[in-house]
Amino acid sequence: MTAPTLEVHLSDEDLTTALRADARRGLTADPKWLPPKWFYDARGSELFERITELPEYYPTRTERALLERVVGEIARIAQAEVLVELGAGSAHKTRLLLSASTAEGPLKTYVPQDVSSAALSAAAEQVAAEFPALGVHGVVSDFTDTLRNLPRGGRRMIAFLGGTIGNLVPDERAEFLAGIREVLEPGERLLLGAGLVIDPDVLVPAYDDAAGVTAEFNRNVLHVLNHRLRADFDPEKFEHVALWDAEREWIEMRLAATEDMTVTVADLDLTVHFARGEQLRTEISAKFRVDGLDTELAAAGFRTERVWTDDDDRFALVLAARI
């Protein structure tokens, strides 16, 4: 087994600088907001793993089952020599792609990307042990600003799974997909996992479970601000809210203040006022229609080759080639 390598483009200091900028911008906006990436400290990651196991939360298990069904086709079509995964995390689902791509194609290198060097290092070690003939080259960075740092050489496929594309608003998606196209060569591919528009009676509970795990996950962003920026939020004084925006076709997660309050963020020398009932948006999770995905990919310079959906049309995997 060749030891995995780790390329670091994002330090703890860089993360803190980004958090400071996002917190100042979002908490002084009207309405207030914070980016969803700040959910994920160690506690947030553990809570999200619990969410994926909840009966209401269908996206993770649906995507995995779909991937299990079609992974051989993906590998045969793509014939990737290098698999790049954005937001790799623990790389659990990726093992399906790695197994199929080593069996069906010429895969030689796996490039996982994540913001957490600890999580990425652990995942890289596990993958290297499980696939000893595979080179593993981790990249620690933010996926929205990482594309220029991806290694070149070999026929590549970039995988962006988990429906994370839905956390970006349309302008951000357009910029992100165009950025992927810029770093790929003609014929190289993007594998995109995206949640589809479904009945809100099924969709909303996935983001507002009966056990309250998602509520704790949502409030965790306030714990992150308290820990990282010396804020004094009382997370228990914020109520979890999940709403379906039918016009924009996305879920919004918010935190609603249960009383009038004033919060200080010491590291920013910032005082923030909340009126009772005022809401802080913490995440959007856009859902898609297959023709809409094709349109967005085409606008970014991709040709959709195959689309696979589960039997209930809740999730899609799209394989697209860079034109």
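Conventions and cut-offs
Residues numbered from 1 in each chain as written. Predicted model: local features only at pLDDT ≥ 70, side-chain atom pairs only at ≥ 80, totals over all residues. Heavy atoms only, no water. Phe/Tyr/Trp six-rings, centres within 6.5 Å; stacked < 30°, edge-to-face > 60°. Helix = DSSP H or I, 4+ residues; strand = E, 2+ residues; numbered from the N terminus. Buried < 20%, exposed > 50% of the residue type's maximum accessible area, 1.4 Å probe, protein only. Lys NZ or Arg CZ within 6 Å of the ring centre and 35° of its normal. Salt bridge = Lys/Arg side-chain N within 4 Å of Asp/Glu carboxyl O. Core = buried A, V, L, I, M, F, W, Y, C linked by side-chain atoms within 4.5 Å. Domains from an automatic or database assignment. Contact = heavy atoms within 4.5 Å. Pairing = 2+ DSSP bridges. Axes fitted to C-alpha atoms, helices over the stretch in contact; angles between N-to-C directions.

Trainee: Residues and numbers for the packing of aromatic side chains, please.
Mentor: Under the definition given, this model contains 13 aromatic pairs. Considering the side-chain rings of Y40 and F217, the 5.5 Å spacing of their centres and the 65° angle between planes classify their relative orientation as edge-to-face. Here F217 lies in helix α8 (residues 213-229) and Y40 lies in the loop between β2 (32-33) and α2 (42-51), a separation of 177 residues in the sequence. Of the residues examined, F217 reaches a relative accessible area of 3% and is grouped as buried. Aromatic rings pair up to connect F39, Y40, F48, Y57, Y207 and F217 into one cluster. Over the aromatic face of F274 sits the side chain of K32, whose NZ or CZ is 4.9 Å from the ring centroid. The ring of Y58 is capped by R314, whose NZ or CZ atom sits 5.2 Å from the centre of that ring.

Trainee: Talk me through the pattern of salt bridges; I want residue IDs and the actual numbers.
Mentor: Tallied over the entire structure, the rule returns 22 salt bridges. Where D245 meets R248, a salt bridge forms, and the shortest distance between an N and an O atom there is 2.9 Å. Taken together, the shared-partner salt bridges in this structure form one network comprising D22, R25, K37 and D142.

Trainee: Outline the environment of T264, supporting the account with residue identities and numerical values.
Mentor: Within the secondary structure, T264 sits in strand β10 (residues 261-265). On a C-alpha basis, the gap between T264 and A231 in space is 5.6 Å, while along the polypeptide they are 33 residues apart.

Trainee: Residues and numbers for the nonpolar core, please.
Mentor: Ranked by size, the top nonpolar core spans 43 residues in total, and within it L27, Y207, L225, F233, F238 and F274 carry the most contacts. At the level of secondary structure, the elements contributing two or more residues to this core comprise α1 (12-27), α2, α8, β8 (238-245), β9 (250-257), β10 and β11 (270-274). Top contributing element to this core by residue count: α8, with 7 residues. Each of two domains, domain 1 (26-55 + 200-286) and domain 2 (56-199 + 287-322), supplies a minimum of three residues to this core. With near-sequence residues (within four places) excluded, L225 lies in contact with L19, A23, L27, L34, R230, A231 and F233. Ranked by size, the runner-up nonpolar core spans 32 residues in total, among them L86, L147, L192 and L196.

Trainee: Summarise the sheet that holds strand β14 (residues 315-322); cite the residues concerned and give the values.
Mentor: Hydrogen bonds along the backbone pair up the strands of a sheet, which may run parallel or antiparallel. Reading across the sheet, the 8 strands line up as β1-β5-β4-β3-β6-β7-β14-β13 and stay open at both edges, with mixed pairing between neighbours. At either margin of the open sheet sits one strand with a lone partner, and together these are β1 (5-8) and β13 (302-309). With strand direction ignored, the average angle separating the axes of adjacent strands in the sheet is 20°. Pairing geometry for strand β3 (residues 82-85) and strand β6 (residues 156-160), over 4 bridges, is parallel. Looking across to β6, one finds that V82 is bridged to R156. In the packing of helix α5 (residues 117-130) onto the sheet, the strands contacted are β1, β4 (109-114) and β5 (135-140), and the crossing angle to β5 comes to about 175°. Helix-sheet contacts for helix α9 (residues 290-300) involve β7 (189-195), β13 and β14, and the interaxial angle to β13 is about 155°.

Trainee: Which residues make up the pairing of β14, and what values go with them?
Mentor: With 8 of its 8 residues buried, β14 lies for the most part within the structure. Bridge count for β7 against β14 is 7 bridges, and the pairing is antiparallel. Bridge pairing in β14 links G193 to L317. Of the strand pairs in this sheet, β13 and β14 are connected by 7 bridges, and their pairing is antiparallel. Across the sheet, R306 pairs through a bridge with L319, a residue of β14.

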